[in-house]
Amino acid sequence: MIKMVQFKIQQLCLPVMLFLAFSLSAQLNPTVDSIVMRDGKKLAADVYKPAGMSSGPVILIQTPYNRLLYRFGLPLGIGFKINTSNYIIVVADWRGFYGSRKAAYIGSPDRGKDGHDVVEWVAQQSWSNGKIGTWGPSALGKVQFQTAKEHPANLTCICPLVAGPQFDYDEYYPGGIIRTEYVEQLDALGYGLSTSLMAHPYRDIYWTYSEDYNYYPDSIAVPCCMIGGWYDHNIEVMLPFFNGIRNSSPMAVRDKHRLVMGPWVHGGHGSAQVGTPMQGELSYPNADGWNDSMSLLFFDYYLRNINNAWPTTPFVQYYQMGENKWTSSAVWPPAGTTDVKFYLHDNNTLDNTAPQGTGSLYFNYDPNDPSPTHGGPTLRSDLDQGPYDQSTVVESRNDILIYTTATLTEDVILKGQVTVHLKISSDKTDTDFDVRLTDVYPDGRSMLVNDGALRMRFRAGNTSSTVLLMTPNVVYDCDITLPNTAITFLKGHKIRLDVTSSNYPRFNRNVNTGGNMYPGNNLDSLVNPVVAKNSVYTIPGQASYITMPLVGYTSGLVNVNSSHLSLQVFPNPVADQLKVLMLSSETVTVFKVINALGQEVQLPVIGQDAQAIYLDTRALAPGVYTVIGSDTFYTGSALFVKQ
C-alpha cells in the first residue's frame, strides 16, 4: 500500500504534496540530513529513529520517487509506528531527483558509487551500529544491486523486490517488439530512455555492451533475498540473475541467497502491490504480507543476529497458484517436471493428440483496431495489472483464434516456462503473433496467466543481419516462450490459448507493411497501416502446439495424475492460531509441523472440525515452518510464517 500511495500522491502539485507531507510529520518526524558524495555534491535524506534507540541496525532505501512520500507511512509493516520498529530507516533521494536535484550533473550518474557513499555515511553516524541492509522494489531494487557491486565495507545484506540489475534487449524488445506502454511510463517517471531505445531496435553493439556491463552476479558478495511476483514484468530478469548469484557469487555467500516468488504484480499504482491479497480480479489471502514477513526474517538474522533459522530456509520459496499454497525448491525451475505437448486443432480444441485433419484457421488483424491489453505484466498507470478475465474484452472480438481443452478431470500442475510453437502464414510480408495463456474457470471466466509475442521479421534472430521478411502465404515457424510461472489448473477448469496479432498498448502494433517499424522514432506511429490475413495451421506435418512443463502428468486429459493433497493455512503469517484446512473428502487424520531445521515441533490442538485443525502457535519462535497433513489416501503440505 505504501508504494500505491507514492504514485498516486505524485500526481498532486508539489505545494499540496509538501503540505500533506509536513502536516503528517507529527506522526513521522524524521531527521532531515544531507549526505556528501565523493564529488562534494549532496543527497537529501530522511532518518527515522525509534524513540529510545541510541544506536541500532539500519535499513537503507534509495529512491527516485521522492523520499518525502515515506512520511505517509514506512514500508515493511511499520507504517507510522516507527517507535515499535527494531530498525532505523534511512530514505535518500537519488542524485538528480527531488531533494537531490541540485546534485545532478551532465551525463549518467553512477548510482552504485552513490550508494556506496550513502552506506559508508550511514555507518559513520553515531546512531548506526554498522549493520546496514537495503530494501526496495523496482528501481529501488535495481540500485541495491548497483550498490552491492561497489562493495561498501558496511553493507551487510540486500533485499530487492521485483528487480534485477540487467539492461537487456529482451526486456524492452521481447520478440523484437518494443513494449510501448512500459517505455512510455518510464519516460513519464523521468528516466528518458525512449530516445536511446528507439535508436537501437536491433540487438547491436549497444546492447552487447549494456548487457555485459549490467550482468555481474559474481560481484554480489553479501546475502541477497530477491522477492518477485508471477504477474510482474521482471520475471525473466529476476530468475536468471538469482540463478547467476547462486552459481557465480563468491563462495562464502553463494548459499546465503534466497528467492521468494508470490502471486503478485509489479505494483506502482492501483491497489494491487507486492504482498497485497487482491491481485487483478483474483484474491490470494494466504500470500498477504508474506513479502514483509520474509524480508523481516532475513533482516532479523543478518542485521540483529536473531537465531530464527533463516540459513535453513529453502533457497526458493514460491506460490503455486490455483492450489493457492506456498511450496519450496532447491532450484528454479524445480526438478520433477515433464514437457507435455498440447496440440491445436481446427475445431478450436487443445489436447494431447496430434492433428489428423487438413484444415487451418485464420483471422484478420487491423492495426487501427488492435486487440487490447487487459491486465497482465503492465506498468503504465492507466492500465490494469495482474490476472483479468479475457472473455469479454479480448475473446469476444473477431480478430482472435481460441483453443481450449476439455474440462479437466484432475489437476494439471505447471511449473516453469510454456513454449508456444505455431505454424503460421500471412498475406503480408510482416506481422505479429501474440498469445495469451489463460485459466478458464467453471463459470466461464478466462483468467490471464501470462502472455508473449513475436514480430515475424525477427523469427530467425533479432540482429539487423538476421531480419527476414515473409513471403505472403508461405508457412513459417513462430516460436514464443512465455515467462516462468507456477500454477495448477484445477479439476473442473480448462486450459486455453488465445492467438491474436496484437496486445496493445503492451506491445507496439505492427502496421503489416514490412517497412520502418518506428517512423519518426515514435513508440506508436501508424504510417499507412494495412489489414493482414493471418492463419494458424493444425495439420500433420504442420502442427501447432504448446509445450508445458508439468508435474505428475501421464497422458491425455482424462488421465491427469494427482498424488498430492491441497492444503491451506490461515492466517499466513500467523501470530496466535493457525487454521489447517485439508481440501479433500476425507477427514484430517495425521498432521505434524516441521521447523526450518527439519525438526518436528509439537503444537497444541485447540480446535477441530470435519475439514480443519486449529493449532496454537503462540509458543513458536519467529521463522518459516512446514505443516504436513494427511487423510486416508493422500498427504499435503504448506509453508507458513510465524511472526
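See above for the structure.
The notes below deal with the structure included here. By convention here, each chain's residues receive numbers from 1 onward along its written sequence. Local features in this predicted model are restricted to residues whose pLDDT is 70 or higher, and side-chain atom pairs enter the listing and the counts only when it is 80 or higher, whereas totals over whole chains, interfaces and linings include all residues. Hydrogens are left out, water is left out, and the side-chain values use all remaining heavy atoms of the structure.

## Side note on the layout of surface pockets
Argument step 1. For the largest pocket, the calculated volume is near 1,300 Å³.
Argument step 2. Points on a 1 Å grid, built from protein atoms alone, make a cavity when a 1.4 Å probe fits but cannot get out and make a pocket when they are open with protein on both sides within 12 Å along at least 5 of 7 lines; residues with an atom within 4 Å of a point are the lining residues. Taken together, 50 residues make up the lining of the largest pocket; nearest its centre are Arg-111, Lys-142, Gln-146, Phe-167 and Leu-193.
Argument step 3. Contributing elements (two or more residues each) for the lining of the largest pocket: helix H1 (2-9), helix H3 (111-124), helix H4 (139-149), helix H5 (169-172), helix H6 (180-188) and helix H8 (205-213).
Argument step 4. Only Asp, Glu, Lys and Arg are considered charged in this grouping, and only Ala, Val, Leu, Ile, Met, Phe, Trp, Tyr, Cys and Pro are considered nonpolar; every other residue, Gly among them, is considered polar. Residues belonging to the lining of the largest pocket are distributed by class as follows: 24 nonpolar, 18 polar and eight charged.
Argument step 5. Grid points are joined across faces, edges and corners, and a volume is the space filled by probe spheres set on the points. In this structure, the second largest pocket occupies an estimated 710 Å³ of space.
Argument step 6. As for the second largest pocket, its lining consists of 34 residues, of which Asp-170, Pro-174, Glu-236, Thr-481 and Pro-483 are closest to the centre.
Argument step 7. A run of H or I in DSSP becomes a helix once it reaches four residues, and a run of E becomes a strand once it reaches two; helices and strands are each numbered from the N terminus. Residue assignment for the lining of the second largest pocket shows that the elements contributing at least two residues are H5, strand E7 (225-231), helix H9 (235-248), strand E20 (446-455) and strand E21 (476-481).
Argument step 8. Tallying contributions element by element places E20 first for the lining of the second largest pocket, with seven residues.
Argument step 9. In terms of residue class, the lining of the second largest pocket is made up of 16 nonpolar, eight polar and ten charged.

## Concerning the sheet that holds strand E26 (residues 567-570)
Strand-to-strand pairing in sheets goes through backbone hydrogen bonds, with the strands running parallel or antiparallel.
Argument step 1. Pairing between two strands is assigned when DSSP locates at least 2 bridges connecting them. Spatial ordering of the open sheet is given by E26-E27-E31-E30, a layout of four strands whose pairing is antiparallel. Both edges of this open sheet fall to E26 and strand E30 (605-608), since each of them pairs with a single strand only. Adjacent strand axes in the sheet meet at a mean angle of 20 degrees, parallel and antiparallel pairs treated alike.
Argument step 2. Sheet topology places strand E27 (residues 577-582) next to strand E31 (residues 612-616); five bridges connect them, and they run antiparallel. Looking at the pairing, Val-580 lines up with Ile-613 of E31. For every element, the axis is a line fit to its C-alpha atoms; helices are fit only across the contacting stretch, and the angle between N-to-C directions ranges from 0 to 180 degrees.

## Some details on the side chain of Gln-390
Argument step 1. Mapped onto the fold, Gln-390 is located in helix H11 (residues 390-393).
Argument step 2. Here's how the labels work: a residue is buried when its accessible area is under 20% of the maximum for its type, exposed when over 50%, partly exposed in between, all with a 1.4 Å probe on protein chains only. For Gln-390, a relative accessible area of 0% translates into the label buried.
Argument step 3. Contacts are assigned to residue pairs with any non-hydrogen atoms lying within 4.5 Å of each other. With residues near it in sequence (within four places) discarded, Gln-390 still touches His-374, Glu-395, Arg-436, Thr-438, Ser-446, Leu-448 and Asp-498.

## Side note on the packing of aromatic side chains
Argument step 1. Under the pairing criterion, centres of Phe, Tyr and Trp rings, with the six-membered ring standing for Trp, must be within 6.5 Å; the plane angle then separates stacked pairs below 30 degrees from edge-to-face pairs above 60, leaving the rest tilted. Counted under the stated rule, the structure contains 34 aromatic pairs.
Argument step 2. Ring geometry for Trp-94 versus Tyr-191: centroids 6.4 Å apart, planes at 70 degrees, classification edge-to-face. Linking Trp-94 in the loop between strand E4 (88-93) and H3 with Tyr-191 in the loop between H6 and helix H7 (194-198), this pair joins segments that are 97 residues apart in sequence.
Argument step 3. Residue Tyr-191 is classed as partly exposed on the basis of its relative accessible area, which comes to 24%.
Argument step 4. On the basis of an interplanar angle of 15 degrees and a centroid distance of 5.3 Å, the ring pair of Phe-167 and Trp-207 is categorised as stacked.

## A word on the nonpolar core
Argument step 1. Nonpolar core, defined: a set of buried Ala, Val, Leu, Ile, Met, Phe, Trp, Tyr and Cys residues in which side-chain atoms within 4.5 Å join the residues together. Counting 127 residues, the largest nonpolar core has Ile-89, Phe-299, Leu-422, Phe-489 and Val-499 as the members making the most contacts within it.
Argument step 2. It is helix H10 (residues 290-304) that provides the largest number of residues to this core, a total of seven residues.
Argument step 3. For Phe-489, the contacting residues outside a window of four places in its chain are Leu-408, Glu-410, Asp-411, Val-412, Leu-414, Leu-437, Thr-438, Asp-439, Val-449, Lys-494, Ile-495 and Met-548.

## Re the sheet that holds strand E19 (residues 432-440)
Argument step 1. Reading across the sheet, the four strands line up as E16-E23-E19-E20 and stay open at both edges, with antiparallel pairing between neighbours. Each edge of the open sheet carries a strand with a single partner, namely strand E16 (401-404) and E20. Strand after strand, the sheet turns through a mean of 20 degrees between neighbouring axes, direction not considered.
Argument step 2. Pairing analysis gives nine bridges linking E19 to E20, with the strands arranged antiparallel. Within the sheet, the bridge partner assigned to Asp-434 lies in E20 and is Ala-453.

Bear in mind that shape data such as this cannot, by itself, settle questions of function.
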